[in-house]
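One letter stands for each residue in the lines below.
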Amino acid sequence: MAWPKDVRRGSAWHRVGQLVLFGLVALFFIRAGLTWNRSGIGQLTDMLLFATAAVGLNLLVGVTGQISLGHSAFFGLGAYTSAVLVGQYGWTPGWTFPVSIVLCFAVGMVVGLPALRLKGVYLALVSIALATTFTQLLNWDRLAWLTGGPIGIKGLSYLPPSWTPFDGRADLGKWFFWMSLVVFVICTLIASSMIRSRFGRSMVAVRDNETAAAVMGVNLAAVKTLVFGLSAAMAGIAGSIFAMKLTLVEPVVQFFTLFGSIFLLVMVVLGGAGSTWGPLVGAFIFVYVRDWASGVGEGNGVLGLFEGTRIGGLGGIVFGVLLIVIVFVAPFGAVGLLRKARAKVVRVLPRPPALPTVANAQEPQPPTTVVSG
Amino acid sequence: MSVLQVQDVSVRFGGIQALAGLSFDIDEGQICGLIGPNGAGKTTMFNVVSRIYEPTEGKVLYRGQDLLDVPAHGIARLGIARTFQNLALFPTMTLLQNTMTGAHCTGNVGFVRSALRIGVRSEEKRMEAEAFEILARLGLAPLAYRPAMGLPFGTLKRLEIARALAAKPSLLLLDEPASGLTHSEVDELSETIHDVRDQFGLTVLLVEHHMSMVMGISDKVVAMEFGRKIAEGTPHEVRNDPHVIAAYLGTEV
Ligand SMILES: Nc1ncnc2c1ncn2[C@@H]1O[C@H](COP(=O)(O)OP(=O)(O)O)[C@@H](O)[C@H]1O
Ligand SMILES: [Mg+2]
């Protein structure tokens, strides 16, 4: 038999293939959660939290086509909301999470308002202003009673509650890992359901052609503000957990600054903007490849260009070059590349609906090009 | 009864008077041809009905309702669908997805229900089947799973019609649907327009330069020039109108 093999979407083999793939990914995380050491699990947890924020950003940037370089502000807002409520008001950390989600959703919707009028570079500029204003606010003395100013809020902790199978301080890393995994999975399920629905199509319609979208009956303002809100809420919950895991918040935490916004955007693009698995793959590459690259060389970076970004030294350059190469060879991100590779082995045929009234004489041609989604 | 009443509509773009007090009516079930030289204001008229352009003066009534009170995204739900002269498709979507997006106004899974996956499956199934049927009808079913990007112009013109039909409209506005089609395709298109009108009881407003096509299928023709109506009547009357002949001087009407 010749390659690629044909598999009909929704057929038994297609299901088996999906299950195996999904099972392998699940197995990886379960094994990691059970057997990896403390620092390994810690890094994997960070990766999941970044991926969660990237899932939201992907809905906004990849699917709906609205650029945002302000998502570090939502990540930070979530983090500070939890930190303030726990650190200043003595809340139980778990109860601060819903507050973070709702607050970030609301602020996200308001911040989404400029997107109703601005496009492209102009929207990007406004969102950059958001990211920088946010760090300024964190440093502002007038708000220091709330945010702790430049010092931030320290000594946060979220011990596993008694109903969980985790054993207090000893299992802290695992507790955060499983919590992050569950939150990531929920956010991915929401995003994936959305993408495959009428609302998801209206998001893509807004990205592809606003005028036509409106003529089809899509309420542009509603779609843009709601997606802004949702993506902010996902960044917010990720930030909340991140703060508890870090046990502190302060204005210089990289993911609360503009760098964080850029990193999240890099993850979305690396993984494959618009695709359901893109954010996870993107965050994975970002965290682990950057980690590997930073080992390539040490130092303060060429002309101090990468100073303070943690990707100092040669590592920064290696990572930067790698980024450029990936974007060149894989314009649809790593997921696009993986799809292309898979298409050499297995071709997934569409399953056209059975039509009672129209004789469906011709078999629809399989999709030829890999587009997002 | 009139489905669409255009009353004294004027549109200005800076110094250009694109529409200057245009008025005409379309009756239920009619195919109304709208003709006129390039720049006469036909597309502008469509854009006023779609609420893309705000008229400086005048009123547009759809079954008695003032369309100027309705936001752009509310037009489709009233039963008005249109195609675009210069294509306004969703390039990254497949033909099937494009057509399903055309059916947006027939569905009701919004933000919350899509996130919680409530009622999504059944709606997707219905929209997919209906969209596929429309694609099959326009001979596009074999291309259903191809992205719109990069397909030939003639194919995409037909996709425009498929997407508009997916909205199950009662008033269909077609902006030069035959441009870029071959001779036999034009005949086929005439037949399709006639068929869907009869089958779904549509009212159709057709902008077209293809005179034999317009004259062949229209119940009534409105001729425009410089944003004004210069003639109105049966195809036969309009064809022999001295103003129309003057406007098309040199071209055969
Ligand atoms: N968005 C716009 N901005 C400026 N001028 C426009 C715009 N749309 C149309 N026009 C002008 O209005 C006039 C009518 O155009 P149009 O409605 O496209 O004509 P038709 O469809 O009959 O060929 C033309 O002179 C055109 O240049
Ligand atoms: Mg025109």
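For clarity, every value in this text was computed on a predicted model and none was experimentally measured. (Residues numbered from 1 in each chain as written. Chains lettered and ligands numbered in written order. Predicted model: local features only at pLDDT ≥ 70, side-chain atom pairs only at ≥ 80, totals over all residues. Heavy atoms only, no water.)

Points about the overall build of chain B
Step number 1: Within chain B one finds 10 helices and 10 strands.
Step number 2: Relative to a compact globule of 253 residues, whose C-alpha radius of gyration would be 18 Å, chain B shows 18 Å and is just as compact.
Step number 3: Along the first, second and third principal axes, the C-alpha set of chain B runs to 60 × 40 × 35 Å.
Step number 4: Among the 253 residues that make up chain B, the fraction classed as buried is 57%.
Step number 5: Across chain B, contacts joining residues at least 24 apart in sequence account for 67% of those joining residues at least 6 apart.
Step number 6: Accessible surface, chain B: about 10,100 Å² in total, of which carbon and sulfur atoms supply 53%.
Step number 7: Each charge class in chain B was averaged separately, 23 positive and 29 negative side chains, and the resulting centres sit 8 Å apart. (Helix = DSSP H or I, 4+ residues; strand = E, 2+ residues; numbered from the N terminus. Rg over C-alpha atoms; globule rule 2.2 N^0.38 Å. Buried < 20%, exposed > 50% of the residue type's maximum accessible area, 1.4 Å probe, protein only. Contact = heavy atoms within 4.5 Å. Areas by Shrake-Rupley, 256 points an atom, 1.4 Å probe, with all protein chains shown as cover. Lys, Arg positive; Asp, Glu negative; His and termini not counted. Charge placed at Lys NZ, Arg CZ, Asp CG, Glu CD.)

Focus on the site of ligand 1
All names here are of chain B.
Step number 1: Within the structure, ligand 1 sits among F13, I16, A18, N38, G39, A40, G41, K42, T43, T44 and Y53.
Step number 2: One nitrogen or oxygen atom from the main chain of K42 is found 2.8 Å from an oxygen atom belonging to ligand 1.
Step number 3: Contacts to ligand 1 include Y53, whose side-chain N or O atom sits 2.9 Å from a nitrogen atom.
Step number 4: A total of 560 Å² of accessible area belongs to ligand 1 in isolation, and the protein chains cover 67% of it.
Step number 5: Taken together, the elements giving at least two residues each to the shell around ligand 1 come down to β2 (16-27) and α1 (42-49). (Near = heavy atom within 4 Å. Polar contact = N/O pair within 3.5 Å; in protein donor to acceptor, adjacent residues only side chain to side chain.)

Notes on the sheet that holds strand β1 (residues 2-13) of chain B
Residue and element names in this part refer to chain B.
Step number 1: Strands sit in the order β2-β1-β4-β5 across an open sheet of four strands; the sheet is antiparallel. Each end of this open sheet is capped by a strand with a single partner; those strands are β2 and β5 (65-66).
Step number 2: Relative to β5, strand β4 (residues 57-62) runs antiparallel, the two sharing two bridges. Its bridge partner lying in β5, L61 is registered against D66. (Pairing = 2+ DSSP bridges.)

Section: the coordination of the magnesium ion (ligand 2)
In a perfect tetrahedron of four donors around a metal, the angles come out at 109.5 degrees. In a perfect octahedron of six, they are 90 or 180 degrees.
Step number 1: Around the magnesium ion (ligand 2), the donor atoms from the protein are T43 of chain B (OG1) and Q85 of chain B (OE1), and they sit 2.0 to 2.1 Å away. With a gap of 42 residues between them, T43 of chain B in helix α1 and Q85 of chain B in the loop between β6 (80-82) and α3 (95-102) connect regions that are remote in the sequence. (Donors = N, O, S within 2.8 Å, 3.2 Å for Na, K, Ca; no water.)

As for the environment of A293 of chain A
Step number 1: With respect to the helices and strands, the residue A293 of chain A is situated in helix α12 (residues 278-294).
Step number 2: The spacing of A293 of chain A and A2 of chain A is 291 residues in sequence and 40 Å in space, taken between C-alpha atoms.

Regarding the domain arrangement of chain B
Residues and elements named next belong to chain B.
Step number 1: Taken as a whole, chain B is organised into domain 1 (1-79 + 169-253) and domain 2 (93-168).
Step number 2: Between the C-alpha centres of domain 1 and domain 2 there is a distance of 26 Å.
Step number 3: Domain 1 puts 20 residues into the contact, and the matching count from domain 2 is 13 residues.
Step number 4: Buried surface at the junction of domain 1 and domain 2, both sides included, amounts to about 1,200 Å², of which 63% is carbon and sulfur. (Domains from an automatic or database assignment. Buried area = accessible area lost by both parts, 1.4 Å probe.)

A closer look at the sheet that holds strand β7 (residues 171-175) of chain B
All names here are of chain B.
Step number 1: What the six strands build is an open sheet, ordered β6-β7-β8-β3-β9-β10; its pairing is mixed. On the outer flanks of this sheet lie β6 and β10 (228-233), each paired with one strand and no other. Averaged over all adjacent pairs, the angle separating strand axes in this sheet is 15 degrees, with direction ignored.
Step number 2: In the sheet, β7 pairs with strand β8 (residues 203-207) via five bridges, with the strands oriented parallel. Following the sheet pairing, L172 is matched in β8 by V204.
Step number 3: Packed on one face of the sheet, helix α6 (residues 153-166) meets β6 and β7 and runs near 165 degrees to β7. (Axes fitted to C-alpha atoms, helices over the stretch in contact; angles between N-to-C directions.)

Focus: the pairing of strand β9 (residues 220-225) of chain B
Residues and elements named next belong to chain B.
Step number 1: Counting buried positions over the six residues of β9 gives five, a clear majority of the element.
Step number 2: Direction of pairing for strand β3 (residues 31-35) relative to β9: parallel, over a ladder of four bridges. Bridging across to β9, I35 finds its partner in A223.
Step number 3: As judged from the five bridges shared by β9 and β10, these two strands associate in the antiparallel manner. Across the sheet, E225 pairs through a bridge with R228, a residue of β10.
Step number 4: If you look at the hairpin formed by β9 and β10, you'll find two residues sitting between the two strands, and F226 has a positive phi there, around 50 degrees.

Observations concerning the interface of chain A and chain B
Step number 1: Chain A puts 42 residues into the contact, and the matching count from chain B is 44 residues.
Step number 2: Of the roughly 3,800 Å² buried at the junction of chain A and chain B (both faces included), carbon and sulfur atoms supply 64%.
Step number 3: In this structure, R201 of chain A and E124 of chain B form a salt bridge, with 3.0 Å as the shortest nitrogen-oxygen distance.
Step number 4: The interface formed by chain A and chain B contains 10 residue pairs in polar contact (both at pLDDT 80 or more).
Step number 5: At the level of secondary structure, the elements contributing two or more residues to the side of chain A that touches chain B comprise α7 (172-195), α8 (198-208), α9 (210-215) and α10 (220-246) of chain A. (Salt bridge = Lys/Arg side-chain N within 4 Å of Asp/Glu carboxyl O.)

So, helix α3 (residues 71-87) of chain A
Step number 1: Given a rise of 1.5 Å per residue, 17 residues ought to cover 24 Å, and the 23 Å separating the end C-alpha atoms of α3 of chain A matches this to within 8%.
Step number 2: A large share of α3 of chain A lies buried, amounting to 16 of its 17 residues. (Expected span 1.5 Å × (residues − 1).)

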